[in-house]
Amino acid sequence: MMNDIPVIDLDLNRRHSSEDEIITELLTAFTTIGFCTIINHGISSELISNTFKVSKQFFDLPLEVKLKYKYLSPKSNRGYIPSGMETHDKTYDHSNSDCDSLSSVTIIPPDQKETMDIGYDDNNDDDEIFKNNWPDQDIIDSSLSNDNDDDDSINFHDVIDEYFSLMDKLYLRLMKYIGLGLGLPDDGDYLVQRCNQHHENLRLLHYPGGNTNNANSSNSNIRGNAHTDFGALTLLVQDEVGGLKVRRSNNESEEEWIDVKPVPNSIIVNVGDMLMRWSNDKLKATLHKVETPPTINTTATYTRDEIDSCTTRTISNVHGIDDNHEEEGEVKVNIIDVIIPERYSIAFFCNVNKDVNIECLETCCNDTDNPPKYPIINSYEYLTQRLAATIQTSTSTSTSTTTSTTESS
Ligand SMILES: O=C(O)CCC(=O)C(=O)O
Ligand SMILES: [Fe+2]
């Protein structure tokens, strides 16, 4: 349907078609809206459900425990980030390879989410920053309540390892399809050869719920500000709460935000800035954001005393006071139901090997009418610069969390 993110079935037997058809569907999605939802992708619903369970177990830990595993630096890109430490630079000019330029400053509130980033444990690399600080399973187990007996048997590290390795394979399968779709050398393996060193970043995300006072202190409905992703592809799994929106351009003047509705057992795939640069804008990295679900207006009758003592609800407008009721101490009020469900999602940010220079792919540019649009940049350098502009760590300046650059192009 025109208005929806395309759903692409990756199971060749089920759809009775050739790989060529899958490739065409993927390329059509990535060259237009930049997003698709894939189904029958080979990752079991049990593994996805277990990954959500360990994510919830982790985020349920007290803040001081989670901070033991805190994110240290964009260079390592691993660890826990509490709510309020990340501001997406939605107006950042990603065509500029010099990520330090702050042309003018816009204040945007930080995202209302906490995250846990996990990378590949490279045991051949002596540098400790490229290893995870895994949460202590005994601490997780001891914090589980007794009525969750089913969850006792799952182990954070084991589940995440399995999820990481299967998502990594899925990423390379998709890169093979994209390589074939773009007509790249080595029988489509050109991209796979440059993306196969596990430099992915698995991010568990939790958007806290509750009433408006504690769910979102800025009183806006934004949980995650508009942004494009930094890497090659993102493989995202969301729970059933919803709220993810993608910006679509109709034509030159009209733009709209469309919902990425939760589809059971599906994975959302979107193009990141690095692949957009690599393909000279042929594949699109599209702006997306996360909003809270709509609040519900209800009308109810409360006593004056109840209204005066009300702490968890926002009373927007006292109206239609019924004199008879008022005498009895009752008043009709318009209540905004402010209970916002918490939301979990799991993003698998797929990156390019660290030593690769992102230089326009040979089938995406030519000297005559489509010259390269971007300067060449090393993939790891590009990623760490984008992360540093987004995430506040103890070593970064406070401006980087509360400001964003204004688009200069
Ligand atoms: O939570 C979501 O659904 C989206 C998260 C996202 O876009 C991101 O972390 O880059
Ligand atoms: Fe994103």
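What this report covers is the structure whose coordinates are included nearby. No experiment lies behind these values; they were computed from the predicted model shown.

Our focus in this paragraph is the overall build of the protein. Secondary structure assignment for the protein yields 13 helices and 19 strands. For the protein, with 409 residues in total, the buried portion stands at 48%. When contacts within the protein are restricted to residue pairs at least 6 apart in sequence, those whose partners lie at least 24 apart make up 77%. If you sum the accessible surface of the protein, you get close to 19,400 Å²; carbon and sulfur atoms cover 47% of it.

Pairing is mixed in the open sheet, where eight strands are placed in the order β1-β2-β11-β8-β16-β6-β5-β3. The strands lining the two open edges of the sheet, one partner per strand, are β1 (7-9) and β3 (79-81). Along the sheet, successive strands turn relative to each other by an average axial angle of 25°, direction set aside. In terms of strand pairing, strand β2 (residues 35-39) meets strand β11 (residues 267-271) through four bridges, oriented antiparallel. Bridge pairing in β11 places C36 opposite V269. Contacts from helix α6 (residues 156-181) reach β2, β5 (114-118), β6 (201-207), β8 (233-238), β11 and β16 (343-350) within the one sheet, and its direction differs from that of β8 by about 130°.

With that out of the way, let us pick up the pattern of salt bridges. Under the defined criterion, the tally for this structure stands at 15 salt bridges. Across the pair R203 and D117 runs a salt bridge, and its minimum N-O distance is 2.7 Å. A residue pair is termed long-range when its members are at least 10 positions apart, and R203 in strand β6 and D117 in strand β5 qualify at 86 residues. Here D189 ties to K176 by a salt bridge, and the two come within 3.3 Å at their closest N and O atoms. Residue D189 is found in the loop between α6 and α7 (190-193), and its partner K176 is found in helix α6; the two are separated by 13 residues along the sequence. By relative accessible area, which is 25% here, D189 ends up partly exposed. Connected through salt bridges with shared partners, the residues R15, E21 and E25 form a single ionic network.

Tallying each qualifying case throughout the model produces four cavities of 30 Å³ or more. Computed from the structure, the largest cavity encloses a volume of approximately 400 Å³. Forming the walls of the largest cavity are 34 residues, and the residues nearest its centre are H88, R203, H227, D229 and F349. Mapped by element, the contributors of at least two residues to the lining of the largest cavity are β6, β7 (222-227), β8, β12 (288-291), β16 and α12 (379-388). Residues that form the lining of the largest cavity fall into these classes: 12 nonpolar, 14 polar and eight charged. There is about 260 Å³ of room inside the second largest cavity. Taken together, 23 residues make up the lining of the second largest cavity; nearest its centre are R78, H199, E200, K354 and Y380. It is α12 that provides the largest number of residues to the lining of the second largest cavity, a total of five residues. By residue class, the composition of the lining of the second largest cavity is eight nonpolar, 10 polar and five charged.

So, on to the side chain of N351. Among the structural elements, N351 can be located in the loop between β16 and β17 (357-358). Within the local environment of N351, its side chain forms a polar contact with the backbone oxygen of H199, the two atoms lying 2.7 Å apart. In contact with N351, not counting residues within four places along its chain, are Y171, C195, H199, E200, N201, G231 and L383.

At this site the iron ion (ligand 2) is bound by H227 (NE2), D229 (OD) and H288 (NE2), with donor distances of 2.1 to 2.2 Å. We note that the donor set of the iron ion (ligand 2) lies within a single chain, spaced as H-x1-D-x58-H. One end of the pair, H227, is in strand β7; the other, H288, is in strand β12, with 61 residues separating them in the sequence. Taking the relative accessible area as the measure of exposure, H227 reaches 11% and is therefore buried. Judged by its relative accessible area of 6%, H288 is buried.

Along an α-helix, residues three or four apart share an orientation, since each turn contains 3.6 residues. For α6, which comprises 26 residues, the first-to-last C-alpha distance of 37 Å matches the rise-based estimate of 38 Å (1.5 Å per residue) to within 8%. The N-cap of α6, judged by a side-chain oxygen 3.0 Å from the amide nitrogen of H157 a few residues on, is N155. Note on α6: the residue one or two positions beyond its end, G183, has a positive phi of about 70°.

Bringing the pairing of β2 into the picture now. Extensive coverage of β2 is indicated by the burial of four of its five residues. Across three bridges, β1 lies against β2 in parallel orientation. Paired with V7 across the bridge in β2 is T37.

Basis of the calculations
Numbers given for residues are sequential positions, taken from 1 along each chain in its written order. For naming, the first written chain is A and the first written ligand is 1, with later ones following in the order written. Thresholds applied to this predicted model are a pLDDT of at least 70 for local features of residues and 80 or more for the giving and counting of side-chain atom pairs; totals over whole chains, interfaces and linings are not thresholded and use all residues. As a convention, hydrogens and water are excluded, and side-chain values are obtained from all of the structure's heavy atoms. Helix and strand definitions follow DSSP, with helices as H or I runs of at least four residues and strands as E runs of at least two, each counted in order from the N terminus. Each residue's exposure class comes from its accessible area (1.4 Å probe, protein chains only) as a fraction of the maximum for that residue type: buried when under 20%, exposed when over 50%, partly exposed otherwise. We call two residues contacting when some pair of their heavy atoms lies within 4.5 Å. Accessible surface area values rest on a Shrake-Rupley calculation with a 1.4 Å probe, where residue burial reflects the displayed protein chains alone. Any two strands with at least two DSSP bridges between them are considered paired. Axis angles are defined between N-to-C directions and span 0 to 180 degrees, where every axis is a line fitted to C-alpha atoms and, for a helix, only to the segment in contact. The term salt bridge refers to a pairing of a side-chain nitrogen on Lys or Arg with a carboxyl oxygen on Asp or Glu at a separation within 4 Å. Throughout, the protein atoms alone are placed on a 1 Å grid, and a set of points is a cavity if a 1.4 Å probe fits but cannot get out or a pocket if it is open with protein on both sides within 12 Å along at least five of seven lines; lining residues have an atom within 4 Å of a point. Grid points are joined across faces, edges and corners, and a volume is the space filled by probe spheres set on the points. Amino acid classes used here: Ala, Val, Leu, Ile, Met, Phe, Trp, Tyr, Cys and Pro are nonpolar; Asp, Glu, Lys and Arg are charged; the rest, including Gly, are polar. Residues adjacent in sequence count toward polar contacts only when both atoms are side-chain atoms; beyond that, a polar contact is any pair of N or O atoms within 3.5 Å, and within protein one must be able to donate a hydrogen and the other to accept it. Think of the donor list as every N, O and S atom within 2.8 Å of the metal, or within 3.2 Å for Na, K and Ca; water never makes the list, so a site can look incomplete. The span one expects for a helix is its residue count, reduced by one, times 1.5 Å.

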